[in-house]
Amino acid sequence: MAILNIVKEGDPLLRKTSRPVTEITPRILTLLDDMVDTMHRANGCGLAAVQVGVLRRVVVIEVEEGVVYEMINPRIVAYAGRQEEVEGCLSVPGRSGYTTRPSAVTVRYTDRTGEERELRGKDLLARAICHECDHLDGKLFIDKDIFVREYEDEE
Ligand code: ZN
């Protein structure tokens, strides 16, 4: 296992579209392990492979401590509701702001054993799923169609 370097905003890599995983190789499993380690080290609640320099459709999410989702080729198949909440990104350090997201989503993905799974997430989990899936298409939370306004700490 290893802690990987996180690509920061401004790097053109973050704007690229990631390619689907066609076969779950040992390399993909190592990538998942390293991404979870890297997310933990950085105190994040999600990470996409592109953020560690790998253009593959792989994300990890942990919004509830100890509950880690490892998603290969995730795609959101249903949306419901709307939420406006504060969001940040390990690739956009020092910046956070309100975004508009669905309040619930259903995502389908392949897990590390090759099994197809479906997960319905609400609130923070829904936001994290949207945020990480956006990374796979080269989008960031600060993009105009998602970003509402900058967050400022209140005294
Ligand atoms: Zn992010």
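Residues numbered from 1 in each chain as written. Predicted model: local features only at pLDDT ≥ 70, side-chain atom pairs only at ≥ 80, totals over all residues. Heavy atoms only, no water.

Engineer: Go over helix H2 (residues 123–136) with me, naming the residues and quoting the values.
Structural biologist: Under the 1.5 Å per step criterion, the end-to-end length of H2 is 21 Å for 14 residues, consistent within 8% with the ideal 20 Å. Those residues of H2 not exposed but buried are Leu-125, Ala-126, Arg-127, Ala-128, Ile-129, Cys-130, His-131, Glu-132, Cys-133, Asp-134, His-135 and Leu-136. Gly-138 occupies a position one or two residues after H2 and carries a positive phi of about 80 degrees. (Helix = DSSP H or I, 4+ residues; strand = E, 2+ residues; numbered from the N terminus. Expected span 1.5 Å × (residues − 1). Buried < 20%, exposed > 50% of the residue type's maximum accessible area, 1.4 Å probe, protein only.)

Engineer: Help me get a handle on the nonpolar core, residues and values and all.
Structural biologist: Membership of the largest hydrophobic core comes to 19 residues, with the highest contact counts inside it found for Val-59, Ile-61, Met-71, Val-107, Leu-119 and Ile-129. Where this core is concerned, the elements lending two or more residues are strand E2 (58–64), strand E6 (104–110) and H2. Not counting residues up to four positions away in its chain, the partners in contact with Met-71 are Arg-57, Val-58, Val-59, Ile-61, Val-107, Tyr-109, Thr-110, Leu-119 and Ile-129. Among the nonpolar cores identified, the runner-up in size contains 14 residues, and Val-21, Leu-31, Met-39 and Ile-72 belong to it. (Core = buried A, V, L, I, M, F, W, Y, C linked by side-chain atoms within 4.5 Å. Contact = heavy atoms within 4.5 Å.)

Engineer: Account for the sheet that holds E2, naming residues and giving values.
Structural biologist: Each strand in a sheet pairs with its neighbour through backbone hydrogen bonds, running either in the same direction (parallel) or in the opposite one (antiparallel). If you walk across this open sheet you meet the 5 strands as E1-E2-E3-E6-E7, and the pairing is antiparallel. Taken across any chain shown, the strands that pair with only one partner, and hence form the sheet edges, are strand E1 (46–48) and strand E7 (116–122). Going across the sheet, the axis of each strand differs from the next one's by a mean of 40 degrees, ignoring polarity. In the sheet, strand E3 (residues 67–80) pairs with E6 via 6 bridges, with the strands oriented antiparallel. Among the inter-strand pairings, Ile-72 is bridged to a residue of E6, identified as Thr-110. Running over the sheet, helix H1 (residues 26–41) touches E1, E2 and E3 and is turned about 35 degrees from E2. (Pairing = 2+ DSSP bridges. Axes fitted to C-alpha atoms, helices over the stretch in contact; angles between N-to-C directions.)

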